[in-house]
Each structure stands twice: as C-alpha cells, then as structure tokens.
Amino acid sequence: MSENTSPAPAPAPHAERQHPFPFAHRINTVSTTEPWLWLARGWSDLRRSKYISLTYGLIFVVMGYAVTIGVYQLGYYYLIWPLSAGFVLVAPVFAVGIYEISRRIETGEPLRFIDALTSWRHVYGRILGAGLAMMFFMILWLRSAALIYVINFPYGMLTIQNLLNHSFFTAEGLAFLCVGTIIGAVFATFAFLISAVSLPMMMGERADFLPAILTSIFAVTRNPRAMTLWGIIIVVVTAVGMLTAMIGLVITLPLIGHATWHA
C-alpha cells in the first residue's frame, strides 16, 4: 500500500493571529478631541443618575474630611497636601460604583444606589488587586513626601502657618515644593498608566487583573497626546473639586468616574 502524501490543509485565509495579550488588538488610536467627548458623556450620565452619583461622591468627601481631621489632630500637618494629591492615585478604585452606574445606563438596567455601593462584589478579587497596587503607590508617595519634608525642614515640626510661610517664601521651601511636585508627578504618571482603563475593563469586561493592566498601559502609550490631555483634564477637574474645600468633589469625582467609563 502506498503512503498518503497529501499535503496538510492550508490555514483559512481570514484566520486572525492570536495577540499575545488579550484585549490589546481592540485598542483604538484616538484624537485629542475624544477626551472632551468622554467628559461630555460623563456629564450626561451624571445628570441621568442624579442623586445616586452625587450621594456616592458625598460619601468620599465625608471620608476625606475624616482623614484630614485625623491627620490634623495627630499633628502631621505636612501630610495634608500629599494626602490630597495622593487621592488622585487611588481615586480609580473608589470610582468602581460610578462605572457600574454608567454600565447600567448603557444597558438600560435600573439605577439603584445599593448596586453602585456593592458593584465590587462581582469582581472583588480583581478590584482587590488593583486596590493594593494603588495603595502601594500611595504609601510610596507618602513616605517620599515625609522624607522630602525632613530633608528640607530638619529642625522640628512646623505649624500650618509656618509651613506655608517656609514653603512659599524661603529657598528651602521652594525646593521642597519643586522636588515634591516632580516626584509626585512621576508617581501619578505610573498610576495613570496602569489605571487609565483597567478598572472599567474589570467591571464591564470582567477582565482579569494583569490583562487589564497591560491593556491600560498599551492604551496610554499608543495614544500619548490624547491620554496626556485626558490626564490633565482629570487633574484640573479634581483640583477644582479640592479647591472648594473638597465640597466640589461631590460633583467632580462622579463626573470623572463616568467619563472614565466612556474612555
């Protein structure tokens, strides 16, 4: 009997090559007009959800006041500003309930406050991993801020008024502000890389922790101009909320959360 020497069947002409990282092939290249559209859609979701989103934001404003008062009572005045700035690092984890609200608006599901509060339970392992990563950045940032403070003001704890005077009207204070701002920006950039779209993916796509983080990094690096603009918008809108004695965060935190979902 002769051997069967027929060639193996050729692969289908339209077969897609599997990308080594899930979701990466779905990243789009976007223009610098897109962040403004995300913000507009976020505002639309905020108006549709009304008191649900605002109440969600209010909870974290109250928590912010509690932390600030605690730090003040302990006498660590110099940590109030780093904690306020560091809030941007961990805010994506706090906003998971806002992502859930936007998801429900898209799918037409009923909007209930309890669903926003308990949205993490469906993906608690992934959210826990993201939360630990963000907290790691937060701890590093606070330790760095404390070290910078000690280096620039080595002779004891300053009162709030003296800290302000020394920070803005002395050479040591200006160095303290400049170095702290640069180091804070580095931490914020790394945090933005891994959280820009990862948390919404975990909520909406049920993506695992590592693929979501990698996709977020790819999305930011593939769209540097648009995502830089988006990062600036997040910082400015959050800063506006902070500058109103944090009361404005009742609106700005849900607004950025809804817009991040659309991003």
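Overview of the structure.

1. Looking at the packing of aromatic side chains
- This model, assessed by the stated rule, comprises five aromatic pairs.
- With a centroid separation of 6.2 Å and an interplanar angle of 65°, the aromatic rings of phenylalanine 136 and phenylalanine 137 are classed as edge-to-face.
- Under the relative-accessibility criterion, phenylalanine 137 is labelled buried at 15%.
- Grouping aromatic residues by their ring pairs yields a cluster made of Tyr56, Phe60 and Phe94.

2. Let's talk about the nonpolar core
- One finds Ile127 and Trp230 to be the most contacted residues of the largest nonpolar core, which totals 58 residues.
- Among all residues touching tryptophan 230, those that are not within four sequence positions of it are Pro35, Trp38, Leu39, Phe192, Ile256, Ala259, Thr260 and Ala263.
- Among the nonpolar cores identified, the runner-up in size contains nine residues, and Val71, Leu79, Tyr149 and Phe176 belong to it.

3. Looking at the pattern of salt bridges
- Tallied over the full model, the rule gives seven salt bridges.
- With a shortest N-O distance of 2.9 Å, arginine 103 and glutamate 109 are connected by a salt bridge.
- Judged by relative accessible area, arginine 103 falls into the buried class, the value being 18%.
- With a relative accessible area of 30%, glutamate 109 lands in the partly exposed category.
- As a salt-bridge pair, arginine 126 and aspartate 208 come within 3.1 Å of each other at their nearest N and O atoms.

Thresholds applied
Residues numbered from 1 in each chain as written. Predicted model: local features only at pLDDT ≥ 70, side-chain atom pairs only at ≥ 80, totals over all residues. Heavy atoms only, no water. Phe/Tyr/Trp six-rings, centres within 6.5 Å; stacked < 30°, edge-to-face > 60°. Buried < 20%, exposed > 50% of the residue type's maximum accessible area, 1.4 Å probe, protein only. Core = buried A, V, L, I, M, F, W, Y, C linked by side-chain atoms within 4.5 Å. Contact = heavy atoms within 4.5 Å. Salt bridge = Lys/Arg side-chain N within 4 Å of Asp/Glu carboxyl O.

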